[in-house]
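# Observations on the three-dimensional arrangement
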Amino acid sequence: MTRATKTYLSETVVNLKPSGIRRFFDLAASMEGVISLGVGEPDFVTSWSVREACILSLEQGYTSYTANAGLLELREEIAAYLSRRFHVEYAPETEIIVTVGASQAIDLALRAIINPGDEVIVVEPSFVSYAPLVSLAGGVPVSVQTDGKQEFKLQPEQIEKAITSRTKAMILCSPNNPTGTVLNRRELEAIGAIVQKHDLIVISDEIYAELVYDEPYTSFPAIPHMQERTILVNGFSKGFAMTGWRLGFVAAPKEFAQAILKIHQYAMMCAPTMAQYGAIEALKNGDNDVEEMKKSYRRRRNYFVQSLNEMGLSCHLPGGAFYAFPSIKATGLTSEQFAEQLLLEEKVAVVPGSVFGKSGEGYIRCSYASSLEQLQEAVKRMKRFLARL
Amino acid sequence: MKLTDKELEVVEILSKNARLPLETIAKMVSLSIEETEQIVRKLEEEKVIVQYAAIVDWRKIDGHEGVTAMIDVKVTPKRGVGFDEVAERIYRFPEVKSVYLMSGAYDLSVVIEGRSMSEIAKFVSEKLSTLDSVISTTTHFILKKYKHDGTVFEQGDQDKRIVMSP
């Protein structure tokens, strides 16, 4: 080749920041006896009834493509589920698209609405994919930093400050990864008022909606007048413990949904058929399993967050997801230093808060989706680590 | 009796693992250690929690593998006491591990543990069948225990997740 390989690459891709988790992943993976609190997925295996339904579909030979939008039966179950659990109504024929995980759903939603240069507000600390996906879609991510002192709750005036004439949309994630923070109805209404005032679209990532422990959950499109401007993203990974199935969905007003479907049919054709059959079973008969998992997470949350506070890492009680996001500022270390030393010295893996955005600096993300025995051991090791600092 | 939500949670936690430190249980239900201890004591006094016992895989212990049988027993209930009297006569034998009154083709389901098949056969022929109200017995020997009281015996419980993910 006459040109250096790198010059063939897309500039957008070259300019993307590599994920900060990668380095810690490599380090932790090379060590033995590590207790990992760095895992962003449930510690439960998918319930047997769901796995069994998938196996049955394979035995019966359901191995061909489905409709681009997904099996109609699954979309009908999703519509019924959204209505039953979150009191929002969507038409299964035209307003629901089954996707390859919520991740693809977010990508599709962004690509469907962004023109080059459009700005999308990303509320940080946030899931690591949002800003890169905005860039890949040709948009400009504009970060808004929430404050640990306010339990990382998004303040309406912060959004207003970030809005320009190019702002088109905002990505919301409640319950939040990595902070576990849940926005209640009143807080969502205040955000909704600004969304309406500035004529924005909201991509609401509600992948953790099943895992809310204290107050009743409010889905963003359930706020008056918001459904028409919301692209709702959800899926089966977290609540139903189905991460490896890669199955999510988008629910949105018809025009959004049909634009998303247009991309989806060219880019993906359809989500995996066997996973869709499993998901039908999850929605039909999975409520009890979800309830049991949720109970178990809540108890582990209570145990772990209180233990963190007792050892001097101050941490708000996160209302949802399965992450605790304690402050490590009192140690004088940066998030990266803390995470690296803890891993090397005590073999406990956590994720430095800084990988989730600027305002995550001074915090670490600990997943409590680990067995109680593991959590107890992790607490012991962390105490020992802190005592030495 | 009606339990509060917290009491119910303590029961659920203990029913899964009775060896958790009180301090851990207290944190899990967001109560003080004293409050949690009080709940446990109340549950014990009220016999809601009847006993703390270990689930043992006896097959692993040489010379103690043992034999378990489930016996379907048909009996004639007695006026005034129904099935209770004969059930009591049966469950008082220490080798009897459980006795249930059943709907369906037979009346009592008796689980019995012994050192050998002949020991169980002896119990059935000498003790059980000779009871006045017992009409017939059908003995089923357990060949292998896969799951007992919600616990899978040979569990591959290693964590299959990647060590770190966003």
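Residues numbered from 1 in each chain as written. Chains lettered and ligands numbered in written order. Predicted model: local features only at pLDDT ≥ 70, side-chain atom pairs only at ≥ 80, totals over all residues. Heavy atoms only, no water.

### Looking at the UniProt feature "domain: Aminotransferase class I/classII large" (unreviewed entry) in chain A
Note the threshold: UniProt positions are given in the numbering used here, feature names are shortened, and annotations may be inferred rather than shown by experiment. Secondary structure elements are taken from DSSP: a helix is a run of H or I of four residues or more, a strand is a run of E of two residues or more, and numbering for both begins at the N terminus.
UniProt annotation of "domain: Aminotransferase class I/classII large" (unreviewed entry) refers to residues 33-381 of chain A when read in the numbering used here. Strand forms 14% of residues 33-381 of chain A and helix 40%; the C-alpha atoms that close the span are 12 Å apart.

### What about the packing of helix 11 (residues 287-310) of chain A against helix 1 (residues 5-16) of chain B?
Heads up, the rule is: Between N-to-C directions, angles cover 0 to 180 degrees, with each direction set by a line fitted to C-alpha atoms, over the stretch in contact for helices. Note that the term roughly parallel is reserved for angles under 35 degrees, roughly antiparallel for angles over 145, roughly perpendicular for angles of 65 to 115, and oblique for everything else. In this description, contact between two residues means that some pair of their heavy atoms is separated by no more than 4.5 Å.
It is the contact of helix 11 of chain A with helix 1 of chain B, at a shortest axis distance of 12 Å, that shows an interaxial angle of 95 degrees. By the angle between their axes, helix 11 of chain A is roughly perpendicular relative to helix 1 of chain B. From helix 11 of chain A, Glu292(A), Lys295(A), Arg298(A) and Arg299(A) reach across to helix 1 of chain B, where they touch Glu9(B), Glu12(B), Ile13(B) and Lys16(B).

### Observations regarding the packing of helix 11 of chain A against helix 13 (residues 372-388) of chain A
All names here are of chain A. Which entries qualify depends on this criterion: Residue polarity is assigned by list, with Asp, Glu, Lys and Arg as charged and Ala, Val, Leu, Ile, Met, Phe, Trp, Tyr, Cys and Pro as nonpolar; anything else, Gly included, falls into the polar class.
Between helix 11 and helix 13, whose axes approach to 11 Å, the crossing angle comes to 5 degrees. Relative to helix 13, the element helix 11 is oriented roughly parallel. Packed against helix 11, whose contacting residues are Arg300, Tyr303, Phe304, Ser307 and Leu308, the element helix 13 presents Leu372, Leu375, Gln376, Val379 and Met382 at the interface. Within the contact of helix 11 with helix 13, the residues separate by chemical class into seven nonpolar, two polar and one charged.

### Regarding empty space enclosed by the protein
Residues and elements named next belong to chain A. To keep it simple, the criterion reads: Buriedness of a pocket was judged along seven lines, with at least five required to meet protein on both sides within 12 Å; pockets are open sets of points on a 1 Å grid over the protein atoms alone, cavities are sets where a 1.4 Å probe fits but cannot get out, and lining residues have an atom within 4 Å of a point. Grid points are joined across faces, edges and corners, and a volume is the space filled by probe spheres set on the points.
As enumerated under the stated definition, the model contains three cavities of 30 Å³ or more in all. Size it by volume and the largest cavity reaches roughly 130 Å³. Forming the boundary of the largest cavity are 16 residues, of which Val123, Phe152, Cys173, Asn176 and Leu183 lie nearest the centre. For the lining of the largest cavity, the secondary-structure elements that each account for two or more residues are strand 3 (119-124) and strand 5 (167-173). At three residues, strand 5 tops the list of elements feeding residues into the lining of the largest cavity. Of the residues contributing to the lining of the largest cavity, the split by class is nine nonpolar, five polar and two charged.

### Overview of the layout of surface pockets
All names here are of chain B. Counted as a void, the second largest pocket has a volume near 1200 Å³. Taken together, 33 residues make up the lining of the second largest pocket; nearest its centre are Thr68, Lys97, Glu113, Lys145 and His148. At the level of secondary structure, the elements contributing two or more residues to the lining of the second largest pocket comprise strand 1 (67-75), strand 2 (96-101), strand 3 (108-114), helix 5 (117-128) and strand 5 (147-148). By residue class, the composition of the lining of the second largest pocket is 14 nonpolar, seven polar and twelve charged.

### Observations concerning the pairing of strand 6 (residues 201-205) of chain A
Residues and elements named next belong to chain A. How we decide: Exposure classes here rest on a 1.4 Å probe applied to the protein chains alone. A residue is buried below 20% of its type maximum, exposed above 50%, and partly exposed in between. Pairing between strands requires that DSSP locate at least two bridges from one strand to the other. Viewed with both strands pointing away, a crossover whose connecting path from the first strand over the helix to the second turns clockwise is right-handed.
The element strand 6 is extensively covered by neighbouring structure, given that five of its five residues are classed as buried. Burial of strand 6 is two-sided: the residues Ile201, Ile203 and Asp205 facing one way and the residues Val202 and Ser204 facing the other way are all buried. Two strands pair when backbone bridges link them, and strand 5 and strand 6 are joined in this way by five bridges, in the parallel orientation. Its bridge partner being in strand 6, Met170 is matched across the sheet by Val202. Between strand 5 and its parallel partner strand 6, the chain crosses via helix 8 (residues 185-197), and the hand of that crossover is right-handed. Strand direction decides the pairing type here: strand 6 and strand 7 (residues 230-235), joined by four bridges, are parallel. Within strand 7, the position partnered with Val202 by the bridge is Thr230.

### Observations concerning the side chain of Lys27(B)
For clarity, the cut-off: For the purposes of these results, a polar contact is taken to be a pair of N or O atoms within 3.5 Å, where, inside protein, one atom must be able to donate a hydrogen and its partner to accept one; residues adjacent in sequence count only when each atom of the pair is a side-chain atom.
Its location among the elements puts Lys27(B) in helix 2 (residues 22-28). Separated by 3.1 Å, the side chains of Lys27(B) and Ser307(A) make a polar contact. Leaving out residues up to four positions away in the same chain, Lys27(B) has contacts with Asn302(A), Tyr303(A), Gln306(A), Ser307(A) and Glu310(A).

### A word on the environment of Pro77(B)
All names here are of chain B. The topology assignment puts Pro77 in the loop between strand 1 and helix 4 (84-91). The spacing of Pro77 and Pro166 is 89 residues in sequence and 64 Å in space, taken between C-alpha atoms. Not counting residues within four places of it along the chain, the set of residues in contact with Pro77 comprises Gly82 and Phe83.

### Quick look at the domain arrangement of chain A
All names here are of chain A. To be explicit about the condition: The domain boundaries here were taken from an automatic or database domain assignment. When two components associate, each loses some accessible surface as probed by a 1.4 Å sphere; the sum of these losses over both components is called the buried area. Salt bridge, as used here: a side-chain nitrogen of Lys or Arg that lies within 4 Å of a carboxyl oxygen of Asp or Glu.
Segmenting chain A into domains produces domain 1 (5-46 + 288-388) and domain 2 (48-286). Distance from the C-alpha centre of domain 1 to the C-alpha centre of domain 2: 24 Å. Contact with domain 1, which involves 35 residues of that partner, is made by 41 residues of domain 2. Both faces considered, domain 1 and domain 2 share a buried interface measuring about 3100 Å² in area, 60% of it formed by carbon and sulfur atoms. Between the two partners, domain 1 and domain 2, sit one salt bridge. For the salt bridge of Arg301 with Asp214, the shortest nitrogen-to-oxygen distance reads 2.8 Å. Connecting domain 1 to domain 2 are 24 residue pairs in polar contact (both at pLDDT 80 or more). Counting residues per element, the side of domain 1 that touches domain 2 draws most heavily on helix 11, which supplies eight residues. Its residues assigned to classes, the side of domain 1 that touches domain 2 shows 18 nonpolar, ten polar and seven charged.

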